[in-house]
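Analysis of the macromolecular model
What follows is the residue order along each chain.
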Amino acid sequence: MKMKWYSVASLLTVLTSSQGILTTLSQSNGKYKYDYATVPFLAEVFKLIVSSVFLWRECKKSPPPKMTTDWKTVRLFPIPSIIYLIHNNVQFATLMYVDTSTYQIMGNLKIVTTGILFRLFLKKKLSNLQWMAIILLAVGTTTSQVKGCGEASCDSLFSAPIQGYMLGILSACLSALAGVYTEFLMKKNNDCLYWQNVQLYTFGAIFNMARLVLDDFRGGFEKGPWWQRLFNGYSVTTWMVVLNLGSTGLLVSWLMKYADNIVKVYSTSMAMLLTMVLSVFLFSFKPTLQLFLGIIVCMMSLHMYFARPSMLVDLPPTVRSDPESLVNVPVDHKTDS
């Protein structure tokens, strides 16, 4: 591919960091005027349309792209959507036991669990330096989210019930599993990326639509069927949230195909830090010492993971003998008398 992975990763960082900001700006008086469940559904539809257009263009070329259509392969693509569906329910259950700040801090466990599953299931070997870098990334992102000692986040983090910790660990494992499994699917064969995306996003749209239908049944259809209120309360900012979420998903699938999960983890982690920095200027967020320390640690982790080992360790220069500098030393051969 012509695009380099670090260009895609940088763009993903920018889009992911703006996601939370756009979502906040889409609120009116602290509330959503639109049904937030419609946003991921429309994002899936957007990704499906874009992927279908690119696939159609590829099919017009010669030779046509490789597309595996047997049921044994296609049936694997609903699995990531099922994992994410379970993950979303575990998230809600976790928030019943812990507060938001504790949940965000515990969410950094997915950085380490991704590295572990990446090693176990994809058989990708990580060096000791890379493992240290991944742990540093988790420490750095956690440090940036912790408030000053004695404040709410410190107290609540250690006062949550055991159920909250267990569900938080399960949530981190499910998030990592979905990412690693998606990478496995994307690299399982040499199928065209756009064909794989069409399969992923078709099932993604179906599962998100099922959630909207389920919400209708739970609410007794008081607000009417979901398709009648699909665009209710939408503004320009809301559409930007949909396009941002859809574009982010397309970039992630590209990274899964041509890079790996660790690159995605670094992109989203850096995006979180960038969001916090931008919030200082946009929402009068007060920067903390922990935020600056977290950024420094994460930048060190980034350098440690992707830099060549020769840049991290000062190796002694190789000493080479110069033939011209060699001195012939005469040796006296004494014969024993």
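Identification of the protein as CMP-sialic acid transporter 1-like isoform X1 from Durio zibethinus is taken from an unreviewed UniProt entry. UniProt, in its Sequence similarities (unreviewed entry) section for the protein, records the words "Belongs to the nucleotide-sugar transporter family. CMP-Sialate:CMP antiporter (TC 2.A.7.12) subfamily." Under the Subcellular location (unreviewed entry) heading, UniProt states for the protein: "Membrane".

Before going further, it helps to examine the side chain of Gln145. Looking at the secondary structure, you find Gln145 in helix α7 (residues 128-145). For Gln145, a relative accessible area of 15% gives the class buried. At 2.7 Å, the side chain of Gln145 and the side chain of Asn108 are in polar contact. Each residue touching Gln145, except ones within four places of it in the same chain, is listed here: Gln104, Ile105, Asn108 and Met272.

So, about the packing of aromatic side chains. Evaluation of the coordinates by the stated rule reveals 18 aromatic pairs. When the centroid spacing of 5.0 Å and the interplanar angle of 50° are considered together, the rings of Trp254 and Tyr258 count as tilted. Of this pair, Trp254 and Tyr258 both sit in helix α11 (residues 236-258), four residues apart, which is roughly one turn of the helix. The class for Trp254 is buried, based on a relative accessible area of 9%.

Let us look at unusual backbone geometry. The amide bond that connects Ser62 to the next residue, Pro63, takes the cis arrangement and shows omega of 0°. Relative to the assigned elements, Pro63 resides in the loop between α2 (38-59) and α3 (71-74). Unusually for a residue other than glycine, Lys123 sits at a positive phi of about 55°. If you trace the backbone, Lys123 turns up in the loop between α6 (109-121) and α7. A positive phi angle, close to 55°, is found at Phe221, a residue other than glycine. Topologically, Phe221 is positioned in the loop between α10 (193-218) and α11.

With that settled, the discussion passes to the packing of helix α9 (residues 162-187) against α11. Interaxial distance between α9 and α11 falls to 8 Å at its minimum, and their mutual angle equals 65°. α9 and α11 meet at a crossing whose hand is right-handed. For the pair α9 and α11, contact is made by Gly179, Thr182, Glu183, Met186 and Lys187 and by Ser253, Met256 and Lys257, respectively. Residues that form the contact of α9 with α11 fall into these classes: two nonpolar, three polar and three charged.

On the surface, a nonpolar cluster with roughly 510 Å² of combined accessible area is contributed by Leu25, Leu278, Phe281, Leu282 and Phe283. If you tally residues by element for the nonpolar patch, the top one is helix α12 (residues 261-282), at three residues.

We now examine the state of the cysteines. All chains considered together, the criterion is met by zero disulfides. Cys59 carries a free sulfur, and the closest cysteine sulfur to it, the one in Cys192, is 7.3 Å from it.

A rise of 1.5 Å per residue sets the reference length of α12, with its 22 residues, at 32 Å; its end C-alpha atoms lie 31 Å apart and thus fit the reference within 8%. Its side-chain oxygen placed 3.0 Å from the backbone nitrogen of Ile262, Asp260 serves as the N-cap of α12. Ser284 sits one or two residues past α12 and shows a positive phi near 55°.

Before going further, it helps to spend a moment on the pattern of salt bridges. Tallied over the full model, the rule gives eight salt bridges. A salt bridge links Lys187 to Glu183, with the nearest nitrogen and oxygen atoms 2.9 Å apart. Of this pair, Lys187 and Glu183 both sit in helix α9, four residues apart, roughly one helical turn. Between Arg229 and Asp216 there is a salt bridge, with its nearest N and O atoms 2.7 Å apart. Of the two residues, Arg229 is situated in the loop between α10 and α11 and Asp216 in helix α10; the sequence distance between them amounts to 13 residues. A relative accessible area of 10% means that Arg229 is categorised as buried. Overall, the relative accessible area of 4% leaves Asp216 in the buried class. Through salt bridges with shared partners, a single network forms among Asp35, Asp216 and Arg229.

So, how was this worked out
- Residues numbered from 1 in each chain as written.
- Predicted model: local features only at pLDDT ≥ 70, side-chain atom pairs only at ≥ 80, totals over all residues.
- Heavy atoms only, no water.
- UniProt positions renumbered as here; feature names shortened; annotations may be inferred.
- Helix = DSSP H or I, 4+ residues; strand = E, 2+ residues; numbered from the N terminus.
- Buried < 20%, exposed > 50% of the residue type's maximum accessible area, 1.4 Å probe, protein only.
- Polar contact = N/O pair within 3.5 Å; in protein donor to acceptor, adjacent residues only side chain to side chain.
- Contact = heavy atoms within 4.5 Å.
- Phe/Tyr/Trp six-rings, centres within 6.5 Å; stacked < 30°, edge-to-face > 60°.
- Axes fitted to C-alpha atoms, helices over the stretch in contact; angles between N-to-C directions.
- Left-handed = near helix turned anticlockwise from the far one by under 90°.
- Nonpolar A, V, L, I, M, F, W, Y, C, P; charged D, E, K, R; others polar.
- Patch = residues over 30% accessible without salt bridge, like charges linked within 9 Å, V, L, I, M, F, W, Y side chains within 5 Å.
- Areas by Shrake-Rupley, 256 points an atom, 1.4 Å probe, with all protein chains shown as cover.
- Salt bridge = Lys/Arg side-chain N within 4 Å of Asp/Glu carboxyl O.
- Disulfide = S-S within 2.5 Å.
- Expected span 1.5 Å × (residues − 1).

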